[in-house]
Amino acid sequence: MTKIMGILNVTPDSFSDGGNYVDLEQAVRHAKQLVADGADAIDVGGESTRPGAVFVSAAEEIERVVPVIRRLKRELDVLVSIDTYKPDVAEAAVRAGADIINDVWGSKWGDCSMVNVAAHYDVPIILMHNRLEPHGPDMLAEVRADLEDSIRLAKQAGVSENQIWLDPGIGFMKTHQENLFLMRHLSITTDFGYPVLLGTSRKSMIGLTLGLPADQRVEGTIATVCYGIQQGCEWMRVHDVKAVKRAAVMMDAMLETELTGGE
């Protein structure tokens, strides 16, 4: 069954919900609502990754996320992931109770040591596709090669096969057309055989296609989620958990039901 990861941004400047949950009590209340709406995991982020976002030091990011993670693990029976590309933040988060590391740079930022944290604590790591340079004419081959590099780094560090997840990186260093094309070819990611997290929620790909602001993109998000499920993605990272959960349950039922009985 498709799993839903609810987004909890404890940041002042995230593109869709920045500033809404910077207060600890607000963050915990929102997480509880996400779980009530059907979230199987909560992804806690302490630094916005939108274009032009202000850099946050590891110390400040830790100060933002660790108290939230501790409360969530104490008060909720739910998986918690830490959305960060900084190894120090990931380690502090895991020590506070986080179950999963969600790395938007596929462990390629800085000294590439994020995989060492995942290996040391034996936790799953989501390796998202990202890059500094624009794509050339064969984007799909480049995405695959970039993901292969991230997987190689993880294995060399000692991350177990069953602890590697992938994310195609929709919205990261890709044009509008490239994002749509990659959505058509998600098999580039799912064919590796690892669990795949798809993160399209409210992103500019949807906004540019529909001409809508971030808070009016739930229908577009649902379309991408349903298409992702059909192509084999197992996890969906979203803001609008209730609506997406219902769509995912319906998709799962249609894709998995077989006729039995009769002659």
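By the naming in an unreviewed UniProt entry, the protein chain is Dihydropteroate synthase, taken from Exiguobacterium sibiricum. Turning to the protein chain, the UniProt record has this under Pathway (unreviewed entry): "Cofactor biosynthesis; tetrahydrofolate biosynthesis; 7,8-dihydrofolate from 2-amino-4-hydroxy-6-hydroxymethyl-7,8-dihydropteridine diphosphate and 4-aminobenzoate: step 1/2."

### Considering the overall build of the protein chain
Tallying secondary structure elements over the protein chain gives 10 helices and 8 strands in all. Its C-alpha atoms put the protein chain at 60 × 40 × 40 Å along the principal axes. Expressed as a percentage of its 263 residues, the buried residues of the protein chain come to 54%. Of all intrachain contacts in the protein chain linking residues separated by at least 6 positions in sequence, the fraction that spans at least 24 positions is 68%.

### Overview of the nonpolar core
A general tendency of soluble globular proteins is for nonpolar side chains to be buried together. Core analysis: the biggest nonpolar cluster contains 65 residues, and Leu8, Val44, Ile69, Leu72, Ile101 and Leu166 have the highest contact counts within it. Leave out the neighbours within four places in its chain, and Leu72 touches Leu8, Val28, Ala31, Ile42, Val44 and Val80. Met5, Ile126, Trp165 and Trp235 belong to the second largest nonpolar core, which has 7 residues in total.

### As for helix H6 (residues 176–184)
Listed in full, the buried residues belonging to H6 are Glu178, Asn179, Leu182 and Met183. Each buried residue of H6 lies within a common arc of 140° when the element is viewed along its axis, so the set occupies one face. The exposed residues of H6 that point more than 90 degrees off its buried face are Gln177 and Arg184. Lining the buried residues of H6 we find helix H5 (139–157), strand S7 (197–198), helix H8 (204–210) and helix H9 (218–230).

### Here we look at the environment of Arg217
Locating Arg217 in the fold gives a position in the loop between H8 and H9. Measuring from C-alpha to C-alpha, the distance between Arg217 and Val123 comes to 32 Å, with 94 residues separating the pair along the chain. Separated by 3.3 Å, the side chain of Arg217 and the backbone oxygen of Lys203 make a polar contact.

### Section: the packing of aromatic side chains
A complete count under the given rule lists 3 aromatic pairs for this structure. Plain terms: the ring middles of Tyr85 and Trp109 are 5.3 Å apart, the flat faces sit at 65° to each other, and that makes the pair edge-to-face. Here Trp109 lies in the loop between strand S4 (100–103) and helix H4 (114–121) and Tyr85 lies in the loop between strand S3 (79–83) and helix H3 (87–96), a separation of 24 residues in the sequence. On the basis of relative accessibility, which here comes to 10%, the residue Tyr85 falls in the buried class.

### Notes on the pairing of strand S2 (residues 41–45)
With 5 of its 5 residues buried, S2 lies for the most part within the structure. What you see with S2 is no split at all: Ala41, Asp43 and Gly45 on one side and Ile42 and Val44 on the other are buried throughout. Looking at chain direction, strand S1 (residues 3–9) and S2 are connected through 5 bridges and run parallel. Residue pairing in the sheet places Asn9 in a bridge with Gly45 of S2.

### Concerning the pattern of salt bridges
Applying the stated criterion across every chain yields a total of 18 salt bridges. In this structure, the salt-bridge partner of Lys73 is Asp99, at a minimum N-O distance of 2.9 Å. In this pair, Lys73 sits in helix H2 (residues 58–75) while Asp99 sits in the loop between H3 and S4, placing the two residues 26 residues apart along the sequence. Look at Lys73 and you get partly exposed, because its relative accessible area is 30%. The residue Arg131 makes a salt bridge to Asp146 at a minimum N-O spacing of 3.0 Å. Of the two residues, Arg131 sits in the loop between strand S5 (125–128) and H5 while Asp146 sits in helix H5, which places them 15 residues apart along the sequence. You can call Arg131 buried: its relative accessible area is 17%. You can call Asp146 buried: its relative accessible area is 12%. Residues participating in the shared-partner salt-bridge network are Glu25, Lys32, Arg71 and Glu75.

Each value, and the rule that gives it
- Along each chain, the written sequence defines residue order, and numbers are assigned to residues from 1.
- In keeping with the model being predicted, local features are shown solely for residues with a pLDDT of at least 70 and side-chain atom pairs are shown and tallied solely at 80 or more, while totals for entire chains, interfaces and linings include all residues.
- Excluding hydrogens and water, the side-chain values take into account all heavy atoms of the structure.
- UniProt positions are given in the numbering used here, feature names are shortened, and annotations may be inferred rather than shown by experiment.
- Secondary structure elements follow DSSP: runs of H or I no shorter than four residues count as helices, runs of E no shorter than two count as strands, and numbering proceeds from the N terminus.
- With a 1.4 Å probe rolled over the protein chains alone, any residue whose accessible area is under 20% of its type maximum counts as buried; one over 50% counts as exposed, and the rest are partly exposed.
- Throughout, a contact is declared for two residues whenever any of their heavy atoms are within 4.5 Å.
- Here the nonpolar core consists of buried residues drawn from Ala, Val, Leu, Ile, Met, Phe, Trp, Tyr and Cys, with membership extended through side-chain atoms lying within 4.5 Å.
- Directions drawn from the helix axis to the C-beta atoms are what define this arc.
- Contacts described as polar in this section are N or O atom pairs within 3.5 Å, which, within protein, must combine one atom able to donate a hydrogen with one able to accept it, while residues neighboring in sequence count only if both atoms come from side chains.
- Ring geometry is summarised as follows: Phe, Tyr and Trp rings, the Trp one being its six-membered ring, pair when their centres sit within 6.5 Å, and such pairs are stacked at plane angles under 30 degrees, edge-to-face over 60 and tilted between the two.
- Paired strands, in this sense, are two strands between which DSSP finds at least two bridges.
- What makes a salt bridge here is a side-chain nitrogen of Lys or Arg within 4 Å of a carboxyl oxygen of Asp or Glu, nothing more.

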